[in-house]
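# Chain and residue survey
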Amino acid sequence: MQTTITNSVKIAADFIKKGEVTAFPTETVYGIGANAYDETAIHKIFKAKGRPADNPLIVHVARKADIAVLAEHITPSAKKIIKAFFPGPVTVILKKNEIVPDVVTGGLDTIAIRMPASKIARELIKLSGVPIAAPSANLSGSPSPTNFIHVLRDMRNKIPCVLVGPAARYGLESTVIDCTGKYPVILRPGSITLEQLKKLDKNASYQKRSGKAKSPGLKYKHYAPKAIVKIITNYELGIRNKKTEKAFIGLNKKYAMSYEVVKICKTPEEYAKNLFSFFRECDDKGIKTIYCEKVSEKGIGLAIMNRLQKASTK
Ligand code: TXA
Ligand code: MG
């Protein structure tokens with residue numbers, strides 16, 4: 001299959017209208033989207049990614065008014081989050097309406113809804129005239145793409161269109177929040193932090209792991225580069241290792257010279273933004289082991305540690 005690479009939102013929207021898929025930029029990571037109401041089109045997403053069918057997709061909307069079409073009921077906890085953080089790097093889980101096909105939600109009776117802050121993403125949804133169901137635009141199991149080059153690496157010749165836009169501002173996938181209950185529960189941490197959420201609702205919490213996976217995607221291996229990922233503390237960082245083919249990403253520049261490929265980040269936000277891109281860079285360079293500095297699970301640190309833990313579990 002030939003892939004059209006374009007910066008025309010209209011061309012990309014025409015693919016969606018025809019029942020095809022297109023990759024597109026968002027502020028979190030790039031997505032690969034299709035008409036959320038078109039089952040055949042949705043199947044194409046799962047096929048291109050090699051994604052298990054029970055892992056549900058996020059449905060993206062361009063206007064808050066569209067949430068009520070997709071969700072059976074907007075709970076008070078969702079209302080607060082939507083008011084405070086939509087459009088932005090956050091996804092709410094609500095009970096779904098019948099209009100949403102089961103393939104989108106992996107057979108669940110709930111739906112994940114997000115309104116991206118990215119203007120290009122919202123323009124694409126508007127021009128398509130339908131909500132767009134979209135997972136991250138990586139092959140299942142590899143790190144989410146944060147720029148269009150990553151998308152082309154994984155998806156060229158597997159999907160008919162890639163809409164080119166800027167690199168992702170946040171670099172980690174959205175915060176997924178279960179809003180079906182009385183209090184919001186974070187299922188996947190992201191750039192909207194638990195602390196921010198607690199300011200809205202002091203009973204907000206983070207569900208680290210559940211016996212029965214509430215968010216089915218969480219049970220799958222994710223975000224992993226080909227290299228081995230090791231999470232290291234400051235103490236372990238001090239052990240100089242002169243062997244080649246080693247990489248380091250973190251905040252502590254003191255140890256930078258000990259590694260071949262290095263990314264020192266000034267802030268945890270910058271760490272989050274660069275993490276997946278660094279994983280891909282290391283794989284391209286044939287790095288065997290990537291050392292990642294452990295950070296405290298405060299603010300965005302919770303999301304960083306979540307992705308690192310997943311990437312380091314082989
Ligand atoms: O930032 C993002 O969220 C990106 C961009 C493209 O919007 N999308 C993204 O999609 O990361 P994906 O498919 O890679 O991750 C969606 C996550 C998965 O962990 C999935 O299991 C969870 O959301 N999810 C989707 N629907 C759900 C539902 N009804 N209940 C619980 N979790 C759900
Ligand atoms: Mg994903």
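These remarks concern the structure in this document. (Residues numbered from 1 in each chain as written. Chains lettered and ligands numbered in written order. Predicted model: local features only at pLDDT ≥ 70, side-chain atom pairs only at ≥ 80, totals over all residues. Heavy atoms only, no water.)

## Looking at the packing of helix H1 (residues 9–17) against helix H6 (residues 119–128)
Between H1 and H6, the shortest axis-to-axis distance is 8 Å and the interhelical angle comes to 50°. Viewed along their axes, H1 and H6 adopt a mutual orientation that is oblique. Once H1 is placed against H6, the crossing between them reads as right-handed. For the pair H1 and H6, contact is made by Val-9, Lys-10, Ala-12, Ala-13, Ile-16 and Lys-17 and by Ile-120, Glu-123, Leu-124, Leu-127 and Ser-128, respectively. (Axes fitted to C-alpha atoms, helices over the stretch in contact; angles between N-to-C directions. Helix = DSSP H or I, 4+ residues; strand = E, 2+ residues; numbered from the N terminus. Parallel < 35°, antiparallel > 145°, perpendicular 65-115°, else oblique. Left-handed = near helix turned anticlockwise from the far one by under 90°. Contact = heavy atoms within 4.5 Å.)

## Some details on the pairing of strand E9 (residues 175–178)
Of the two faces of E9, the one carrying Thr-175 and Ile-177 and the one carrying Val-176 and Asp-178 are both buried. Note: strand E5 (residues 90–95) against E9, 4 bridges, orientation parallel. Bridge pairing in E9 places Ile-93 opposite Asp-178. When E9 meets strand E10 (residues 185–188), the two strands line up antiparallel, connected through 3 bridges. Within the sheet, the bridge partner assigned to Ile-177 lies in E10 and is Ile-186. (Buried < 20%, exposed > 50% of the residue type's maximum accessible area, 1.4 Å probe, protein only. Pairing = 2+ DSSP bridges.)

## Here's the deal with the sheet that holds E5
A sheet is described by the order of its strands in space; here 11 strands give the open sequence E1-E8-E2-E3-E7-E4-E6-E5-E9-E10-E11, paired in mixed fashion. Where the open sheet ends on each side, the last strands, each with one partner, are strand E1 (4–6) and strand E11 (205–206). Pairing analysis gives 2 bridges linking strand E3 (residues 31–35) to strand E7 (residues 132–134), with the strands arranged antiparallel. Paired with Asn-35 across the bridge in E7 is Ile-132. Taken strand by strand, H1 contacts E1, strand E2 (22–24), E3, E7 and strand E8 (161–163), and its axis lies near 140° from that of E8.

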